[in-house]
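# Reading the structure
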Amino acid sequence: MIKYVIAAIALGAAAGYLNNNFLNVIPNALVSDQLFSVTLTVLLFVFGFSFGLDKDAMDKMKRTGPKILAFPLFVVLGSLLGGLVGGLILHIDVAGVVAVSAGYGWYTLSGPLIGQLFGAELGTLGFAANFFRELLTITTIPLIVKLDKYAPVASGGATTMDTTLPVIMRYCGSDMLITAFTNGLILTLIAPFTIIAIASFI
Amino acid sequence: MTLLSLIVPLAVGILLGYLLRNRKLVKLDKVSLAVIVILIFSLGFGIGSNNELLNALPKVGFNALIISVLTILFSIAFVKAGRRMVKT
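Remember, predicted model here, so these are calculated numbers, not experimental data.

How each quantity is defined
- Residues numbered from 1 in each chain as written.
- Chains lettered and ligands numbered in written order.
- Predicted model: local features only at pLDDT ≥ 70, side-chain atom pairs only at ≥ 80, totals over all residues.
- Helix = DSSP H or I, 4+ residues; strand = E, 2+ residues; numbered from the N terminus.
- Rg over C-alpha atoms; globule rule 2.2 N^0.38 Å.
- Domains from an automatic or database assignment.
- Contact = placed C-beta atoms within 7 Å.
- Nonpolar A, V, L, I, M, F, W, Y, C, P; charged D, E, K, R; others polar.
- Axes fitted to C-alpha atoms, helices over the stretch in contact; angles between N-to-C directions.
- Parallel < 35°, antiparallel > 145°, perpendicular 65-115°, else oblique.
- Left-handed = near helix turned anticlockwise from the far one by under 90°.
- Buried ≥ 20, exposed ≤ 12 C-beta atoms within 10 Å, placed from the backbone.
- Core = buried A, V, L, I, M, F, W, Y, C linked by C-beta atoms within 7 Å.

What follows covers the overall build of chain A. Each helix and strand in chain A was counted, giving 11 helices and zero strands. Along its sequence from the N terminus, chain A presents helices and strands in the succession α-α-α-α-α-α-α-α-α-α-α. Against the globule reference of 17 Å for 202 residues, chain A gives a C-alpha radius of gyration of 18 Å, in line with a compact fold. Dimensions along the principal axes, computed over C-alpha positions, put chain A at roughly 50 × 50 × 25 Å.

Here you go:
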């Protein structure tokens, strides 16, 4: 499974690069936005459908219940501490790096927002670091999932409701659907607030 | 994509799956693998066609990678420890 995923991402990146810089055969957004949206919509339906069919998965979810709301909180704490440690090790503006880690993988938000609040350099860092969070979650998921059943959800952060959800479903199973989706949803909602909160503290 | 455009297909899928429970249905595994590969391709396409991102990587790539790995590892550690606290 993972070799198809890595091949697809590499081929996609090569095709996107060639199309954007040399060929201009099709509008970029047709693939990166429209095709992405259509496939994600299909997958969300299919995952939802499989979950609805799966009595065990639904029962497991019912047992976990509102406890799933704790996951995004742990991801917030872990991410911010990771950023703090990173800032100290790399000798970069610590508050800025903590804000970078508060993007939780949502790089299209954190790049511009951090750029606005902390300057262009940290904006670029926020863009790249959160991009890596998404990329690493997708490409290293067979290893991550061995650390803990919920580790891919932790790793994916805000991306677990869309871009990383499909691979998480493949590696963690149907019963992870609601946990992963809720985790991504909550982190997506709070990412801008945490970044702005950190900026207003300094 | 808007939040609603994610929640609606998910909710419709769950409801339909729930209603059609106890019926024999085709395996969706193969279908979803093919669609996942297409989705990941389109995700890669978005990366490859994003010059802003490609220009940023050589400049800040190393630091970004370190920060990203730390953020991921601490998140996993906190979730793993937190799971014991909330007992799931």
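In this section: the domain arrangement of chain B. Considered domain by domain, chain B is made up of domain 1 (1-49) and domain 2 (51-88). A C-alpha centroid distance of 26 Å is found between domain 1 of chain B and domain 2 of chain B.

Here we come to the interface of chain B and chain A. Taken together, the contact between chain B and chain A spans 62 residues of the former and 77 residues of the latter. Elements with a minimum of two residues in the side of chain B that touches chain A: helix H1 (3-19), helix H2 (29-48) and helix H3 (51-86) of chain B. At 27 residues, the largest contribution of residues to the side of chain B that touches chain A is made by H3(B). Of the residues in the side of chain B that touches chain A, the class split is 41 nonpolar, 17 polar and four charged.

Our next topic: the packing of helix H6 (residues 107-118) of chain A against helix H7 (residues 120-139) of chain A. Residue and element names in this part refer to chain A. Running from N to C, H6 and H7 point in directions that differ by 160°, and their axes come no closer than 7 Å. By the angle class used here, H6 and H7 are roughly antiparallel. At the point where H6 passes H7, the crossing takes the right-handed sense. Each of Tyr 107, Ser 110, Gly 111, Pro 112, Ile 114, Gly 115 and Phe 118 in H6 lies in contact with H7, whose residues at this interface are Ala 120, Leu 122, Gly 123, Gly 126, Phe 127, Asn 130, Phe 131 and Glu 134.

Bringing the environment of Ser42(B) into the picture now. Residue and element names in this part refer to chain B. Within the element layout of this structure, Ser 42 appears in helix H2. Residue classification places Ser 42 among the buried residues on the basis of 26 C-beta atoms within 10 Å. For the pair Ser 42 and Phe 62, spaced 20 residues apart in sequence, the C-alpha separation works out to 25 Å.

This part takes up the nonpolar core. By size, the foremost hydrophobic cluster in this structure holds 89 residues, and its most contacted members are Val75(A), Ala99(A), Val100(A), Ala102(A), Ala128(A), Ile40(B) and Val79(B). Per-element accounting of this core gives the leading share, 12 residues, to helix H2 (residues 28-53) of chain A. Taken domain by domain, this core gets at least three of its residues from each of domain 1 (1-49) and domain 2 (51-88) of chain B. Not counting residues up to four positions away in its chain, the partners in contact with Ala99(A) are Ile114(A), Phe118(A), Gly126(A), Ile195(A), Ile198(A) and Ala199(A).

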